[in-house]
Every structure is written in C-alpha cells, then in structure tokens.
Amino acid sequence: MSLTSHSAVVRRLIVSPGPAPQEQTPVVASATAVSAVLRAFGRSPEELPARTVVLIGSAVVGPGLRAEHEGFAVTTAATPGIALRRAHHELHEGTADLALVAGFGEPDAHTITVYAVKRAAEAVADGDAVLGVLDVTSPAGTPPLRPVPQTPRGTDPDRHRLILWSGRTTDDEVRVRGELLPMLSGLHREAYPALPTAVPCGTPPGPIRGAAVAVSALAARTVHQARAVDVSRSRPVVLLFPGQGSQHAGMAAGLYRREPVFTAAVDAALAHMGEEGSRVRADWLNPQSAAIGIDDVRRAQPLLFAIDYALGRMILSWGVRPTAFLGHSAGELVAATFAGVVSLRDAVAMVQARVREAVKIPAGGMLAVAASEERLRPYLTDGVGIAAVNANQQVMLAGSDRPLGEVADRLRADGLTVVTVPATSPFHSPAMAPASDAIETDYRDIPLCEPKLPLYSGYTGTLMSPEAARSPRFWADQITDTVHFRNALDELLAADDVLLVEAGPRQTLTAFARRHRSVRLGAGAVCPLLPARPGTQEADRQSVLNAAARLWTEGHDLDLNAVARLWTWSDDDASAAAGTRTPPIPAKALVA
C-alpha cells in the first residue's frame, strides 16, 4: 500500500486548555480551545502551513465558535473518528497540507487529544515523528493507526560508506586515528557496514576532525591518508538550487530507494503532479525507454524541482540548518519552498503552470557564451535576450530557434566560445511573454508568504523582499526576466564567509561560485552534492558521502544515524514495478 495515498498521523499531543485541573470542568469546543489546538505542538500559528485546517471532533460545541479562527478554517464533526476521516479526505483532495484534529474529551472529559495529520511521504521528507498511518479502509468509526513498515536494510560491504573521527587536540586526533586503523585492517568485510559512523563513540566530537569515504578494501589506506582539519569555527551553510540546463538522464537515481528521506521527498513532490508524476518517475528511472526526453520542459522542470527539493530535504535530515537559500531560474521556486514562501503542493502547481504554458510557445533554446554582458549586447535581436548573467565571463542567451541560431553563428564567426544549453523552450527571453501573462492568473490563487528565512533572488540580485515574495506578477515574470545570479552571489558572499552547498545535478552553480573572487580568496567555500557528469548510481552515493564528509570537516555535527542510511538502508523490491513504491518510514521517525 503506497504511503503517498494515505494520510500519516504525524504526532499526537494531549492538552488541557480550560480551567485549572482541580475545577474538573469538561472541556468544550470553544475559540479558546481552538487557539490551544493551533499552538499544541509548540509552533505559533504564523509558522503553520498556509493550508492548515482545524477539525473538531466533539459532540458539544460551545457558542461563538466560527468557521474561521485566527485565519484558519475550522470545521466540526460529531466524533474524533469522523474528524480524522475528514482530515484524510482534505489532505488528498488538496484542500489542506496539514490537518490539526482535536478530539475533545479524550482521553477524559477534561482534556483534548490533538493529532497533526499530513500526507505520509511529506511527513517522512519533513523529518516528522510519525505515530502511524490512518487506515481509512476500516469500517466506520475511529480509523485505527496502521503500523508503519520496518526500516529495510541493505548492508552491502562493497558499497562506499563514511568514516568520521575527531579529537580534542592534534595529539588526541592522532591517537584516535591510530586506534581506528588496526580495527579497519583486521575487519571482516561483512562487518564493515556495521562499524560506528564516528569514533570515538559516545563522546561529543572534538574540533580536530578527519573523514574518509571508502569501500571495505580501501578503508584503512584512505583513513591513513586523510588530512585532519581544525574546525574551531564552522562556516554557515547556504543551499544553492540549480535550474534548467543542469538536468541529465538518470540524475540522482542512485539515491532513490537507497536513502529514505530523498526517496520520500521525490515521491511527495511527484505525487502532487497526479498521473503525470508517475510518468515523470518512469521516464527518470528508465531513461532508455523514456516517452519524453529529459531536456524537454515537460520532463526537465518537474524532475529538477523534485530532485532539488529531495536533496535539500536530505541535507536537513542530517541535522544541517541552512542560514539562507539561493536558486537559479527554476531553482528559485525550490529555494522559496524551503524559505516558507510557498507550500510544496503549491510550488508543484506553479511548476506545472510554467510547463503547461511553456509548451505553447514556439520551440527555442539557450546558449552559454564565454563573454561579458556588455560584449554580447550588440548581438541581441528582438527575438534573443540575455537569459542569465552567471559570472563575469559567463552569460546565457535565449530565444526562439531561428533567431537564436543566427546569433550563435555570428558569435562563433567572431571567435567566441558558444555552448548549447540543453533546453527546448526559450526561457528568460521576450518570446515567453504570453506564457508569463497566462501563469500570473494561475498564481493569483496560490497563497504566497514572505520568506521566513533569508532568500536571495536571482531576479533582483539581492534578498527577496516580502512584497516580491507575495507578488504573483514577480513569480510569473521569472520565465521572461534575466537571471542575475552573479549579483545575488556577490551580495550573499559579501554578507558572510559561508559554505555553499549545491543541491542539484551537474555542479553548474559550483563552477560559477568557484570563480567568484571571495571563494578564490578563501572567504567562502563551495561543496557540490552530486557528480559533475553523469555516472553510475554508486557514484551518486559516493558524491553525497563526500559532501557529508565536507560538512563534518567544516565543523557541522551531523545526525549520524541519518547519514548512515546511505549505506545501511535499501528499499529494493524486485517484484515492484519501477517507480510504484514509496519508502517505508525510517524507524527513527516512530514514536510510542
């Protein structure tokens, strides 16, 4: 049974919003009680998703309770069981992203049991503590909680894994490494995956750290050759999300069913695309028989969104808390999702609107040119515009096929280096204006919020303002406007010495950032998650492990159990058709 088609009871809490316990007055569904429900899990109402609903399960409703309270929809049902079933219906009809279900008089007349109910794959991707899955197929009454599947394990000793160690001083690190090496040299290969992720065990990590990524046969040599790093000051992490042009066939497929949070996040994003999401997944996992090529906007943009989003969720599951976000082109919508501007479901709807309107525009494409913006302006025509300014000598042009081809011929004739970017639509050019006008109408129905975390915009070249974030026109203009990635990166790196982590395929943004003066001078650093070129599925996992090692040696304390799932977790099922399964919930997410 697929988790994406069922609601997960994410968390349960018992609250008592009424009089002091000694008064023993039965609690009644009132405005005061609903306020307590909204704050039951320690979050203010401002932090709740825009599409949050409160469902009251109570036979007695006090006077004055309205259908809306503090900006959230409130509905009542005769029993908590009926309220839970309605929560399931609202989640899967798309009218809610979070349902707070309050059972009044449970477990006694003076308390309320509050359930936070979400779609299951999203609950896993968000790292929520999952109590169980609502079994709404059961007969009428309170739907029971179906036990979640146990964590599948795949401990292949020939897969790469991460080994971390640390010491309080340089001498202490040398001692720890000296104790680790004989263990690795004499270890039977079958026991290699079960080694602790970090040594010494049970003590806080010290500031002198080392890390190695290796298979069993090379573990001792790799640990011996690794360089220890002093991480007394750690750089804050900023996530970068690439857009159209970074995609390739099979990108990040090595993480699917090999890392539970990544898998759940991909499935959560694709589930919001309906039947098209299943087709996108099938073409991704079976590129040789894909119905639509990866460079087609119908595949590139939905899949890039899902992959970027899932990589970001995986990083968060390791315990890393980014201080800011920056997306390039379509990646800005992923960044906005993490910054709290838009919900996952609505962000997916925005991507789908872009794709729906983009396919109506005559075919076109983009070019990457090794030249400055000023040098290229004389080559522009009515049908060709500057799509992106990525670095001082790296600019992209976009336009419809014929005028873009003519410009490319002129550029090459003048000795400039020109590379065709994999795209079938003329994004960030005047040709996209009709699509921009059309999607603005769709975006007016989407709740847009001001960023809750710093969000740098490639369209303004600076921090996104609350006014821009809430503007449907701003988001609609993104398919016609120039991406000023260089300016946004300038401002971001001027603010702090940060570690830029690219959460996407190919390392395109990593290459731009490495050329930046601040990074070249050491006042900033860059770390990609995935390989620069398409490779094997094991190469995907090895690259991600290298990124985890970099975070550790930058001074970030990782959730070791979460990172270890990259070599101890597997959800392969030979009897299941590709792309039809959703990952079981990791054991660490279960609560009693």
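It should be emphasised that the depicted structure is a prediction, and the values quoted were computed from it without experimental measurement. (Residues numbered from 1 in each chain as written. Predicted model: local features only at pLDDT ≥ 70, side-chain atom pairs only at ≥ 80, totals over all residues. Heavy atoms only, no water.)

### What to know about the environment of A198
Now for step 1: Mapped onto the elements of the fold, A198 is located in strand β10 (residues 198–199).
Now for step 2: Separated by 22 residues in sequence, A198 and V176 place their C-alpha atoms 11 Å apart.
Now for step 3: Those residues in contact with A198 that lie beyond four places of it in its chain are L164, W552 and L560. (Helix = DSSP H or I, 4+ residues; strand = E, 2+ residues; numbered from the N terminus. Contact = heavy atoms within 4.5 Å.)

### A closer look at the packing of helix α7 (residues 275–285) against helix α8 (residues 297–317)
Now for step 1: Running from N to C, α7 and α8 cross one another at 90°; their axes reach a closest spacing of 10 Å. When the interaxial angle is binned, α7 and α8 end up roughly perpendicular. Contacts between α7 and α8 involve E276, R279, V280, D283 and W284 on the former and, on the latter, R298, R299, P302, L303 and I307.
Now for step 2: When its residues are assigned to classes, the contact of α7 with α8 shows 5 nonpolar, no polar and 5 charged. (Axes fitted to C-alpha atoms, helices over the stretch in contact; angles between N-to-C directions. Parallel < 35°, antiparallel > 145°, perpendicular 65-115°, else oblique. Nonpolar A, V, L, I, M, F, W, Y, C, P; charged D, E, K, R; others polar.)

### Overview of the pairing of strand β21 (residues 499–502)
Now for step 1: Along β21, one buried face is formed by L499 and V501 and the opposite face, lined by L500 and E502, is buried too.
Now for step 2: Relative to β21, strand β13 (residues 237–241) is paired through 4 bridges, and the arrangement is parallel. Across the sheet, the residue bridging to L239 is V501, located in β21.
Now for step 3: In this structure, β21 lies alongside strand β22 (residues 525–528), joined through 4 bridges in parallel fashion. From the neighbouring strand, L500 faces β22, where its bridge partner is V526. (Buried < 20%, exposed > 50% of the residue type's maximum accessible area, 1.4 Å probe, protein only. Pairing = 2+ DSSP bridges.)

### Regarding the sheet that holds strand β15 (residues 364–369)
Now for step 1: Taking strand neighbours across the sheet as the criterion, the 4 strands line up as β16-β17-β15-β18 in an open arrangement whose pairing is antiparallel. With partners counted over all chains shown, the strands left at the sheet margins are β16 (384–391) and β18 (418–421), one partner each. Put simply, the sheet's adjacent strands are angled 25° from each other on average, direction ignored.
Now for step 2: Two strands pair when backbone bridges link them, and β16 and strand β17 (residues 394–400) are joined in this way by 6 bridges, in the antiparallel orientation. Bridge pairing in β17 places A391 opposite Q394.
Now for step 3: Its contacts with the sheet place helix α12 (residues 401–413) against β15, β16, β17 and β18, and it is angled at close to 140° to β17.

### Focus on the packing of aromatic side chains
Now for step 1: For the structure shown, the criterion picks out 9 aromatic pairs.
Now for step 2: Measuring from centroid to centroid gives 6.5 Å for F241 and F325, while their planes differ by 20°, and the two rings are stacked. Of this pair, F241 sits in strand β13 while F325 sits in strand β14 (residues 324–327), placing them 84 residues apart in sequence. Residues F241 and F325 agree in their burial class; the two are buried.
Now for step 3: Counting every residue linked through ring pairs, the aromatic cluster contains F241, F305, Y309, F325 and F338.
Now for step 4: Over the ring of Y192 we find R161, and its NZ or CZ is 5.5 Å from the ring centre.
Now for step 5: Sitting over the face of the ring of W552, R209 holds its NZ or CZ atom 4.3 Å from the ring centroid. (Phe/Tyr/Trp six-rings, centres within 6.5 Å; stacked < 30°, edge-to-face > 60°. Lys NZ or Arg CZ within 6 Å of the ring centre and 35° of its normal.)

### Describing helix α19 (residues 537–553)
Now for step 1: The end-to-end C-alpha separation of α19 is 25 Å, in line with the 24 Å expected for 17 residues at 1.5 Å each.
Now for step 2: Of all the 17 residues making up α19, 12 are buried; the element is thus mostly covered by neighbouring parts of the structure.
Now for step 3: All of the buried residues in α19 are E538, D540, R541, S543, V544, L545, A547, A548, A549, L551, W552 and T553.
Now for step 4: G555 sits one or two residues past α19 and shows a positive phi near 100°. (Expected span 1.5 Å × (residues − 1).)

### Details of the pattern of salt bridges
Now for step 1: Counting across every chain of the model gives 34 salt bridges.
Now for step 2: The partner of R209 in a salt bridge is D557, and the shortest N-O contact between them spans 2.5 Å. Highlighted residues: R209 in strand β11 (residues 208–214) and D557 in the loop between α19 and α20 (560–568), separated in sequence by 348 residues.
Now for step 3: A relative accessible area of 47% means that D557 is categorised as partly exposed.
Now for step 4: E406 serves as the salt-bridge partner of R402, at 3.6 Å between the closest nitrogen and oxygen. Separated by 4 residues within a single helix, R402 and E406 lie in helix α12, roughly one turn from each other.
Now for step 5: When its relative accessible area of 43% is taken as the criterion, E406 is described as partly exposed.
Now for step 6: Residues joined by salt bridges that share partners form a network here, namely D437, E440, R444, R473 and D477. (Salt bridge = Lys/Arg side-chain N within 4 Å of Asp/Glu carboxyl O.)

### Topic: the pairing of strand β4 (residues 72–77)
Now for step 1: Here strand β2 (residues 52–57) pairs with β4 via 5 bridges, running parallel. Paired with V54 across the two strands is V74, which belongs to β4.
Now for step 2: Alignment of strand β3 (residues 68–69) against β4, held across 2 bridges, turns out to be antiparallel. Bridging across to β4, E68 finds its partner in A73.
Now for step 3: Here β3 folds back onto β4 in antiparallel fashion, the turn holding 2 residues, of which E70 has a positive phi close to 55°.

### Quick word on the nonpolar core
Where a protein is soluble and globular, its nonpolar side chains tend to be buried together.
Now for step 1: With 120 residues, the main nonpolar core has F262, F305, W318, W475 and L500 as its most contacted residues.
Now for step 2: For this core, the element with the most residues is α8, which contributes 12 residues.
Now for step 3: If we ignore the near neighbours within four places in the chain, the residues touching F305 are A269, L333, V334, T337, L344, A347, V348 and V351. (Core = buried A, V, L, I, M, F, W, Y, C linked by side-chain atoms within 4.5 Å.)

### Considering unusual backbone geometry
Both trends apply: most residues other than glycine have a negative phi, and most peptide bonds are in trans.
Now for step 1: In this model, V199 is joined to P200 through a cis peptide bond whose omega is 0°.
Now for step 2: Residue placement: P200 occurs in the loop between β10 and β11.
Now for step 3: One non-glycine residue with positive phi stands out, namely Q507, at about 75°.
Now for step 4: Along the polypeptide, Q507 turns up in the loop between β21 and α17 (508–514).
Now for step 5: Residue classification places Q507 among the buried residues on the basis of a relative accessible area of 18%.

### Some words on the sheet that holds β4
Now for step 1: Spatial strand order, β3-β4-β2-β5-β6-β1-β7-β8: 8 strands in an open sheet with mixed pairing. Because the sheet does not close on itself, it has two edges, and the strands there are β3 and β8 (145–146).
Now for step 2: Both strand β5 (residues 98–104) and strand β6 (residues 112–119) contribute to a ladder of 6 bridges, which runs antiparallel. Within the sheet, the bridge partner assigned to A102 lies in β6 and is V114.
Now for step 3: Set on the sheet, helix α2 (residues 80–93) makes contact with β1 (7–15), β2, β4, β5, β6 and β7 (132–134); between it and β2 the angle comes to about 160°.

Shape is all these values report; function is a separate question.
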